[in-house]
Amino acid sequence: MQDKHRDSRNKYENLKSRIGEVEIQLREVKADRHENERDARLSQAVETLKRLFQGVHGRMTDLCRPTQKKYNLAVTVAMGKFMDAVVVEDENTGKECIKYLKEQRLPPQTFIPLQSVRVKPIVERLRTLGGTAKLVFDKAILFAVGNTLVCDDLDEAKVLSWSGERFKVVTVDGILLSKSGTMTGGTSGGMEARSKQWDDKKIEESILKLKKKKEQLEKELEELGSIREMHLKESEASGKISGLEKKIQYAEIEKRSIEDKLENLKREKHIIKEEIDRLKPELHKLKDAVDKRATVISRLEKRINEIVDRIYKDFSKTVGVANIREYEENHVKAAQHVAEERLSLSNQLAKLKYQLEYEQKRDMDSRIKKLETSIGTLENELKQVQKKEAEVKLATEKATGEINKWKEEVREWKSKSEECEKEMLEWKKQASAAATSISKLNRQINSKEGQIEQLLSRKQDIVEKCELEHISLPTISDPMEIDSETPGPYFDFNQLNRSLLQDRRPSDREKLEADFKQKMDAIISEIEKTAPNLKALDQYEALLEKERAVTEEFEAARKEEKQVADAYNSVKQRRYELFMEAFNHISNNIDKIYKQLTKSNTHPLGGTAYLNLENEDDPFLHGIKYTAMPPTKRFRDMEQLYRPSPFFILDEVDAALDNLNVAKVAGFIRSKSCEGGRNIQDADVGSGFQSIVISLKDSFYDKAEALVGVYRDSERSCSRTLTFDLTGYRTS
């Protein structure tokens, strides 16, 4: 059984390990498929942009493809983050695409404008280097990869990158050698997954195969059963065996004890048999003597009874019994019954005597007198209540009569009030109708007044226009001839036709006014054709003056633009110089600081760390690559932005460290702080910095100069702070 269990356990562990390997492969393939799904979403977004905007050409992965499959990883490493970039015609197209992505909440993308992107020219002699070195691509692709070479092996890449004139080289294994001398390589799951975008069709087939293999292994594992069940069965069997063994031991012990008891009982049985054999004759003798005595006693009792019967023969006949013994039995029973009845009667007699004495001693006369007096008072009160009841009945009859009178009056007043309410409702209806009619009339009056004001203003405009154009209108000299309340000149309309003096509808008036305007425009155009433009020279001089002012403003703006551009370029150059100065200072000291942080007794030299720029020509377009190799650890590649600052905020940097490394980090920050920097002036490292550290470990924050604690104030429902100065408690 143990051999069978051991074989099944080994088979179970083997199947488990194989299933684990298949699950790891499935996760990797699913990660690749997730990348492919992401790539599909990005491709769909790019297709939408190409359909909406004319200047969108497509993604880098769609516009180019390696000539051979072995160059997939090399081209992926050379392109880096520009592998998924979108190529557009100009900056305006890129801005419109970004605006569209923001409005549609699509994932962000990088755009490369062809007209404004700056690239270095292709070094043609790189095509004739010989060996396996080849240029990656001959404007958008060149911007992404630059003058990058691809080699088959690492030795040739080292010769091209580090001997003589340096070049940026990538091997087919994905190892990148930059001009600055750094080498990036190793297994990178992200890069390998991205390089598999060139051949996406194999992913689904590999997923199906791995799933089938996993299902087959799981079936075998189910048939085998789990190790826990095997352990349970084995433990149950071993428990049963141990229990049976213990039971056997107990049974053997009990068997020995029973055998001992049997031996003792056999001995006792033998002794008892011997004693019985010895006592049997004596027993027979005693039985014979007892029988003889019993016969003698029975004879004597018979003789005594006969004698007694002869003595009490006459008495028994008179009593009516057979013998004296029967009489004695009946007489004794009757005497006992009589004695019991006598005792019960005496007890009842005693109780009655005691009750009689108690009743005789009680005072009944006083109680009777009290009851009689209370009855008299109750009768008097009853008479008074009856009188009051009669008076109340009379009062209620009078009140009911008055209430009935008041009810009749209330009914009359209710009927009158209802009639009044009806009249009031009628008056209210009339008042509301009058108010509505008044409001309508007021609105009509206001509209008419507005129309009159519009007509007056229009009349005034016509009069002013006629005065400007020297047109004389026929007026009435004596205003008393007409009855009009409007001020101003009064025109004579008698010269018009009778058809024009008639009242017309607004539409007819508009038509007539349009006809007059057409005739006036025609007459004005004829007048303008016949009359010369006397103001043309003045207009020409005004235009010349305006042109002169515009040219002066343009020259001033161009000079200002040049000054601003020069100032911008100078600021940009100054920014580059300051950045490079800070970068060179940090890159020169980062290795020393990292060695100081990682050195120990077992590793006195510590680790190695260095910085390099992703884009040395324009470092602000790309990031800084920070490479760190701890002692006895393999190569690590970390990408992050780094901006030097004299002030640091560190949030729980000690959370994942043990006590030894916590002490190292705390000692380093303490030695490089402002006070530590003043005490230890190191020309290579600098004068130190300030820092705020958030920590939950006392071995870390007890090295600080001051503590700030945050707690919740439940009374005010807010957070409060406490401060504590540790400089006075510092040990020398």
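Residues numbered from 1 in each chain as written. Predicted model: local features only at pLDDT ≥ 70, side-chain atom pairs only at ≥ 80, totals over all residues. Heavy atoms only, no water.

Draft legend 1. The side chain of Asp 90, seen in detail. Along the polypeptide, Asp 90 turns up in the loop between strand E2 (86–88) and helix H4 (91–104). No salt bridge is formed by the buried Asp 90. Its closest oppositely charged neighbour is Lys 95, at 9.7 Å. Only 2.5 Å separates the side chain of Asp 90 from the side chain of Thr 93, close enough to count as a polar contact. In this view, Asp 90 contacts Pro 113 and Gln 115; residues no more than four positions away in its chain are not counted. (Helix = DSSP H or I, 4+ residues; strand = E, 2+ residues; numbered from the N terminus. Buried < 20%, exposed > 50% of the residue type's maximum accessible area, 1.4 Å probe, protein only. Lys, Arg positive; Asp, Glu negative; His and termini not counted. Salt bridge = Lys/Arg side-chain N within 4 Å of Asp/Glu carboxyl O. Polar contact = N/O pair within 3.5 Å; in protein donor to acceptor, adjacent residues only side chain to side chain. Contact = heavy atoms within 4.5 Å.)

Draft legend 2. Representation of the packing of helix H15 (residues 536–598) against helix H16 (residues 659–672). With their axes 9 Å apart at the nearest point, H15 and H16 run at an angle of 135° to one another. Our classification of the angle between H15 and H16 gives oblique. Contacts from Ile 593, Gln 596, Leu 597 and Thr 598 in H15 reach Lys 664, Val 665, Phe 668, Ser 671 and Lys 672 in H16. Grouping the constituent residues of the contact of H15 with H16 by class yields four nonpolar, three polar and two charged. (Axes fitted to C-alpha atoms, helices over the stretch in contact; angles between N-to-C directions. Parallel < 35°, antiparallel > 145°, perpendicular 65-115°, else oblique. Nonpolar A, V, L, I, M, F, W, Y, C, P; charged D, E, K, R; others polar.)

Draft legend 3. Seen up close, the pattern of salt bridges. Tallied over the entire structure, the rule returns eight salt bridges. When the shortest N-O distance is used, the salt bridge between Lys 50 and Glu 47 registers 4.0 Å. In this pair, Lys 50 and Glu 47 both sit in helix H1 (residues 2–52), three residues apart, roughly one turn of the helix. Judged by relative accessible area, Glu 47 falls into the partly exposed class, the value being 43%. For Glu 545, the salt bridge goes to Arg 548, with nearest N and O atoms at 2.5 Å. Of this pair, Glu 545 and Arg 548 both sit in helix H15, three residues apart, which is roughly one turn of that helix.

Draft legend 4. Region of interest: the sheet that holds strand E1 (residues 56–59). Read from one edge to the other, the open sheet built from three strands follows the order E1-E2-E3, with strand pairing classed as mixed. Each edge of the open sheet is held by one strand with a lone partner, namely E1 and strand E3 (111–113). This sheet shows a mean twist of 20° between the axes of neighbouring strands, independent of strand direction. With three bridges joining them, E1 and E2 adopt antiparallel strand pairing. Across the sheet, Arg 59 pairs through a bridge with Val 86, a residue of E2. Here H4 sits on the sheet in contact with E1, E2 and E3, set at roughly 160° to E3. (Pairing = 2+ DSSP bridges.)

Draft legend 5. Layout of H16. Between its terminal C-alpha atoms H16 stretches 20 Å, which fits the 20 Å expected from 14 residues at 1.5 Å a residue. Of the positions making up H16, those classed as buried are Val 662, Val 665, Ala 666, Phe 668, Ile 669 and Lys 672. Angular distribution of buried residues about the axis of H16 spans 160°; they occupy a single face of the element. Of the residues in H16, the exposed ones pointing more than 90 degrees away from the buried face are Asn 659 and Leu 660. (Expected span 1.5 Å × (residues − 1). Arc of directions from axis to C-beta.)

Draft legend 6. Summary view of the confidence of the model for the chain. The share of residues in the chain with pLDDT of 70 or more is 79%, and the mean pLDDT across the chain is 77. Put simply, strand E11 (residues 636–640) is where the chain has its lowest mean pLDDT, 51, and strand E15 (residues 718–725) is where it has its highest, 90. Contacts for the low-pLDDT stretch residues 639–643, under 50 throughout, to residues beyond four places or in other chains number eight contacts. Confidence drops under a pLDDT of 50 for residues 680–686, and excluding neighbours within four residues, the segment shows seven contacts in the predicted structure. (pLDDT = per-residue confidence, 0-100.)

Draft legend 7. How the structure looks around the pairing of E15. Sparse coverage of E15 is indicated by the burial of zero of its eight residues. When strand E14 (residues 706–713) meets E15, the two strands line up antiparallel, connected through eight bridges. Bridge pairing in E15 places Leu 707 opposite Phe 724. Linkage of E14 to E15, two consecutive antiparallel strands, is achieved through a turn of four residues, within which Ser 717 is found at a positive phi near 55°.

Draft legend 8. Focus on the packing of aromatic side chains. All told, the structure shown has three aromatic pairs when counted by the stated rule. Measuring from ring centre to ring centre gives 6.3 Å for Phe 579 and Phe 583, while their planes differ by 10°; the resulting arrangement is stacked. Highlighted residues: Phe 579 and Phe 583, both in helix H15, separated by four residues, approximately one helical turn. The pair formed by Phe 579 and Phe 583 is uniform in burial state, with each residue classed as buried. Where Phe 579 meets Phe 620, the ring centres are 5.0 Å apart and the plane angle is 50°; that geometry is what we call tilted. Placement of Phe 579 in helix H15 and of Phe 620 in the loop between strand E9 (608–613) and strand E10 (624–629) is noted, with a sequence separation of 41 residues between them. (Phe/Tyr/Trp six-rings, centres within 6.5 Å; stacked < 30°, edge-to-face > 60°.)

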